[in-house]
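Remarks on the overall topology
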Amino acid sequence: MTKRNTYEGLMTRAIHAGEGPDPTTGASAPAIHMSSTFVSDSVAGFSAHDLQDDSPYLYARWSNPSVHMLERKIAALQGTEDCLCTASGMAAAAAILLTFLSKGDHLLISDVSYAGVAELARDTLPRYGVEVTAVDMSNLDAVAAGLRPNTKLVHVESPVNPIMRLTDISAVATLAHDAGALLSCDATFASPLGLDAAALGIDLVMHSTTKYLGGHGDAVGGAVAGTSDLVKQMRLEAGIHHGSILSPFNAWLIARGASTLPLRMRAHQSGAQAVAEWLEAQPGVTHVAYPGLASHPQHDLAQAQMQNFSGMLSFQVGDVAAGERVAQAMIDKLKIVHYAVSLGHHRSLIFWMETNGLMETSFRLQGEALESYRAFAGDGIFRMSVGLEDPEDIIADLSQVL
């Protein structure tokens, strides 16, 4: 249903794409359409299979004006033909995996990714006859070796959650497409402004819109952007058959946040760069991972691939005992930075992530894969989402515990 927006300027797209004055009231701001059903003025088939690009709104699970507005806005920001919005980031990931994979197909996935996606791929998909291989996507030889004749989808994440390791997306896209597979990418950490999906060869780019797109920590949602043909398949499969639709009210909140995304991402990057540089100078901090730092082992790739380094970083303070001690001090003393999960909000957030615990539950890495993870995370990391507060105040808050 969504067509690529023709506006050129990034801020103009963020503000105006998908929106327009209300034709009935003249209201400048978009309305929230909470209706579950819509009055029809023509005879139409009672099946989602009958829907066309110009079909009127009939039922909210099939399409909704508020959600459609957000889909057009995200497609314009991401530079794609179309977009499907979902109830959460996990629903967006499930939309990709459950639409384009069937019994007997093979999925090649990053061995480090959002925990829920990692567990869905490892524990759920094999029950439905989908073969799954997890590899270090920063190792192109491992990617090439992991591809099979029945590989239908390659799913990457860059930067990966939570360790900030990057994937050479363009190179992986070439390998995937040469093997006849689609390439999907979770770009939640990078935001739609951090990665140029079309230029990098990404077929489907997904986001947890709960994070940077919404930007205020008050609405849960997800999105997958791509070509009209691929999104149409997901709209029928995931949106209608699986029922993972986005609430119109959450769509309105996320769209309001998306309108300021370019401004916020510049501030997130600026603040994260300042905090990362300060962290590197602290004697109690043993390692900092941020793509904007020259010390990041893939800094050159970050400069070539990312238009914005975002506000996500991670750092180590030593062994598990040191990490837990600092975490408790954060809980007790931090006033500006919230000790909480999630990311991409206007408030700064931080959380301790112990390596062994993640290995037991989400990733289960061994051998070289575990060594690669520990190169970024050691025994554990603090994942930090740098918000929009003054960097000097964030640093002053952290200085109480580091």
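This text follows the structure it describes.
Since the model is a prediction, treat every value here as computed from it, not as a measurement. (Residues numbered from 1 in each chain as written. Predicted model: local features only at pLDDT ≥ 70, side-chain atom pairs only at ≥ 80, totals over all residues. Heavy atoms only, no water.)

Because an α-helix completes one turn every 3.6 residues, residues spaced three or four positions apart along the sequence face the same direction. When we look at burial in helix α6 (residues 169-178), the residues that qualify are I169, V172, A173 and A176. Buried residues of α6 fall within an arc of 105° about the axis and therefore sit on the same side. Summarising the contacts, the buried residues of α6 are in contact with α5 (140-146), β4 (151-157), β5 (182-186), α7 (197-200) and α11 (299-305). G180 occupies a position one or two residues after α6 and carries a positive phi of about 80°. (Buried < 20%, exposed > 50% of the residue type's maximum accessible area, 1.4 Å probe, protein only. Helix = DSSP H or I, 4+ residues; strand = E, 2+ residues; numbered from the N terminus. Arc of directions from axis to C-beta. Contact = heavy atoms within 4.5 Å.)

We now examine the side chain of S362. Summarising the element assignment, S362 is placed in helix α13 (residues 355-363). Using a relative accessible area of 5% as the deciding quantity, one classes S362 as buried. Within the local environment of S362, its side chain forms a polar contact with the side chain of E119, the two groups lying 2.7 Å apart. Setting aside its immediate chain neighbours within four residues, S362 contacts A115, A118, E119 and R122. (Polar contact = N/O pair within 3.5 Å; in protein donor to acceptor, adjacent residues only side chain to side chain.)

Let us now look at the sheet that holds strand β10 (residues 338-339). Pairing in this open sheet of five strands is mixed, and the strands run β8-β9-β12-β11-β10 from one edge to the other. With one partner strand each, in any of the chains shown, β8 (287-289) and β10 form the two edges of the open sheet. The sheet contact formed by β8 and strand β9 (residues 312-316) spans three bridges and is antiparallel. Paired with H287 across the strands is Q316, a residue of β9. Packed onto the sheet, helix α12 (residues 320-333) meets β9, β10, β11 (349-354) and β12 (380-385) and runs at close to 155° relative to β11. Contacts between α13 and the sheet are confined to β11 and β12, with β11 contributing the most and set at about 75° to the helix. (Pairing = 2+ DSSP bridges. Axes fitted to C-alpha atoms, helices over the stretch in contact; angles between N-to-C directions.)

Once that is clear, we can look at the packing of helix α10 (residues 261-280) against helix α15 (residues 391-398). Viewed as axis vectors pointing N to C, α10 and α15 meet at an angle of 35°, and their least axial separation amounts to 9 Å. The way α10 lies across α15 gives a crossing that is right-handed. Residues G271, A274, V275 and W278 of α10 pack against P391, I394, I395 and L398 of α15. Grouping the amino acids of the contact of α10 with α15 by side-chain chemistry returns seven nonpolar, one polar and no charged. (Left-handed = near helix turned anticlockwise from the far one by under 90°. Nonpolar A, V, L, I, M, F, W, Y, C, P; charged D, E, K, R; others polar.)

Before going further, it helps to examine the sheet that holds strand β6 (residues 204-208). With respect to topology, seven strands assemble into an open sheet ordered β1-β7-β6-β5-β4-β2-β3, the strand pairing being mixed. Only two strands of the sheet have a single partner each, and these edge strands are β1 (82-86) and β3 (131-135). Each neighbouring strand pair of the sheet contributes to a mean axis angle of 20°, computed without reference to strand direction. Running at roughly 155° to β6, helix α3 (residues 89-100) makes contact with β1, β2 (106-110), β4, β5, β6 and β7 (222-226) of the sheet. Lying on the sheet, helix α8 (residues 228-242) is in contact with β1, β5, β6 and β7; it crosses β1 at an angle near 25°.

Another aspect to go through is the packing of aromatic side chains. Both the distance between ring centres and the angle between the ring planes are used here to describe each pair of aromatic rings. Applying the stated rule across the entire model yields eight aromatic pairs. Summarising the aromatic geometry, the rings of F38 and Y57 are spaced 5.7 Å apart at their centres and angled 40° between planes, so their arrangement reads as tilted. A residue pair is termed long-range when its members are at least 10 positions apart, and F38 in the loop between α1 (10-16) and α2 (65-78) and Y57 in the loop between α1 and α2 qualify at 19 residues. Taken together, a centroid distance of 5.3 Å and an interplanar angle of 20° make the contact between F315 and F382 stacked. One end of the pair, F315, is in strand β9; the other, F382, is in strand β12, and 67 residues separate them in sequence. (Phe/Tyr/Trp six-rings, centres within 6.5 Å; stacked < 30°, edge-to-face > 60°.)

This next bit is on the layout of surface pockets. Taken as a whole, the largest pocket spans an internal volume of roughly 500 Å³. As for the largest pocket, its lining consists of 29 residues, and the residues nearest its centre are Y114, A115, N161, K211 and R383. Elements supplying a minimum of two residues to the lining of the largest pocket: α3, α4 (115-124), β6, β11 and α13. Per-class residue counts for the lining of the largest pocket are 17 nonpolar, eight polar and four charged. (1 Å grid on protein atoms, 1.4 Å probe; cavity = no way out; pocket = protein on both sides within 12 Å on 5 of 7 lines; lining within 4 Å. Points joined across faces, edges and corners; volume = space filled by probe spheres on them.)

What follows covers the pattern of salt bridges. Summed over all chains, the structure comprises nine salt bridges. E19 serves as the salt-bridge partner of K73, at 3.0 Å between the closest nitrogen and oxygen. Linking K73 in helix α2 with E19 in the loop between α1 and α2, this pair joins segments that are 54 residues apart in sequence. With relative accessibility at 0%, the residue K73 sits in the buried group. Exposure remark for E19: the relative accessible area of 26% places this residue in the partly exposed category. A salt bridge links D123 to R122, with the nearest nitrogen and oxygen atoms 2.9 Å apart. Judged by relative accessible area, which is 36%, D123 ranks as partly exposed. Owing to a relative accessible area of 23%, R122 belongs among the partly exposed residues under this scheme. (Salt bridge = Lys/Arg side-chain N within 4 Å of Asp/Glu carboxyl O.)

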